[in-house]
Amino acid sequence: MIQINQLSKKYKGAEFFSVKDLSLKIETGEIYGLLGPNGAGKTTLISMLTSLLKPTSGSFTINGLNFKENKNQLKQLIGIVPQEYALYPTLTAFENLEYFGSMYGLKGEILKNSILEHLEIMGLSKFATKKTATFSGGMKRRVNLIAGILHQPKVLFLDEPTVGVDVQSKNVIIDHLKFLNQQGTTIVYTSHHLIEAEVFCTRVAIIDQGEIIIKGIPSELIKTQAGANNLEDVFLAQTGKALRDYA
Ligand SMILES: Nc1ncnc2c1ncn2[C@@H]1O[C@H](COP(=O)(O)OP(=O)(O)OP(=O)(O)O)[C@@H](O)[C@H]1O
């Protein structure tokens, strides 16, 4: 279970809070979607939950553990799939994954077998010895995903794991995430794909300007929002139609 208590982040020199007094409980075994317009604070929130970013105030626990006291345990427990590709372009897919796997303490045959198995699942076996610089966006996304799950995390955080990929890559990624969830992995993900989130997530929270404005089971949110036929209607009704450019 993830318990977030009044978590806030104000970047240095910023006028506004990017995440503001945010409290949320995510149960073990959920697929939880963090949705919101550009600049809503989704990446900031996920970055704090994975200890990539220090909160300004507030706290959270993951399975009862916190980063101050249980850093090493938590690092083994969670997996991170960032929005930006974390891959080294001059290394092959296999070499990249060896690097990431070793960061989680995997080595030898266990590491090698885990890499080969995941490359196979993601349809990348025949590209194992190719440099990732030559990969398409969809292939990079799939290697990026493998890098975060080689150590079989119990809680997986993904920041827009299907952005910029074709339908085929998206299906492989989503199907595998569903499989991992069935095996007991709790999934927290951000997305702009509301149709994807509607069918994929057990619950979602719509975030705007650093705060949760509505949360719940997608089908129930649709039912309770007047005139809404899908999650996109709920999203637009809650966040408005104005563009969210920021710099
Ligand atoms: N390093 C930073 N320094 C200052 N402000 C930042 C920084 N990173 C993000 N912000 C600001 O924090 C707010 C939230 O940004 P964040 O990237 O968390 O939103 P997001 O919901 O993930 O957006 P997107 O959907 O575009 O990825 C924005 O106003 C953004 O400009």
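A quick note: this is a predicted structure, and the numbers were derived from the prediction, not measured.

Asker: How would you sum up the overall build of the chain? Please name residues and give values.
Answerer: A count of helical and extended segments in the chain gives 9 helices and 9 strands. Counting only residues that meet the buried cut, the chain has 47% of its 247 residues in that class. Long-range pairs, those at least 24 residues apart, make up 67% of the contacts in the chain with a sequence separation of at least 6. Summed over its atoms, the accessible surface of the chain is roughly 12,600 Å², and 52% of this surface lies on carbon and sulfur atoms. Averaged over its 26 positive side-chain charges, the chain has a centre that lies 5 Å from the centre of its 23 negative ones.

Asker: An account of the sheet that holds strand β4 (residues 57–62) is needed here, citing residue identities and associated values.
Answerer: In any sheet, the strands associate via hydrogen bonds between backbone groups, in a parallel or an antiparallel arrangement. Pairing in this open sheet of 3 strands is antiparallel, and the strands run β2-β1-β4 from one edge to the other. With one partner strand each, in any of the chains shown, β2 (19–26) and β4 form the two edges of the open sheet. Sheet twist, expressed as the average angle between the axes of neighbouring strands with direction ignored, equals 15 degrees. Sheet topology places strand β1 (residues 2–9) next to β4; 5 bridges connect them, and they run antiparallel. Across the sheet, the residue bridging to Asn5 is Ser59, located in β4. The strands that helix α1 (residues 42–49) touches are β1, β2 and β4; relative to β1, the one it contacts most, it runs at about 120 degrees.

Asker: Explain the site of the ligand residue by residue, including any values.
Answerer: Residues in close proximity to the ligand total 14 residues, the closest being Ser18, Gly39, Lys42, Thr43 and Thr44. Tyr11 places a polar side-chain atom, nitrogen or oxygen, 3.4 Å from a nitrogen atom of the ligand. The contact in question runs from an oxygen atom of the ligand to an N or O atom on the side chain of Ser18, over 2.6 Å. Relative to its free-state accessible area of 630 Å², the ligand is covered by the protein chains to the extent of 68%.

Analysis parameters
Position numbers for residues count from 1 along each chain, tracking the sequence in the order it is written. A pLDDT threshold of at least 70 governs which residues receive local features in this predicted model, and a stricter bar of 80 or more applies before side-chain atom pairs are shown or counted, although totals over entire chains, interfaces and linings include all residues. With hydrogens and water stripped out, all remaining heavy atoms of the structure feed into the side-chain values. Segments assigned H or I by DSSP are reported as helices when at least four residues long, segments assigned E as strands when at least two residues long, and all are numbered from the N terminus. The buried label applies to any residue whose accessible area, calculated with a 1.4 Å probe on protein chains only, is under 20% of its type's maximum; exposed applies above 50%, and partly exposed to all values in between. Note on contacts: a residue pair is in contact if any heavy atoms of the two residues lie within 4.5 Å. Accessible surface area values rest on a Shrake-Rupley calculation with a 1.4 Å probe, where residue burial reflects the displayed protein chains alone. A residue counts as positive if it is Lys or Arg and as negative if it is Asp or Glu; His and the chain ends are not included. To locate a charge, the coordinates of NZ of Lys, CZ of Arg, CG of Asp or CD of Glu are taken. Pairing between strands requires that DSSP locate at least two bridges from one strand to the other. Comment: axis = line fitted to C-alpha atoms, over the contacting stretch for helices; angle = value between 0 and 180 degrees taken between N-to-C directions. A molecule or strand has a residue near it when one of that residue's heavy atoms lies within 4 Å. Any pair of nitrogen or oxygen atoms within 3.5 Å is treated as a polar contact; in protein, a donor-acceptor pairing is required on top of that, and neighbouring residues in sequence qualify only through side-chain atoms on both sides.

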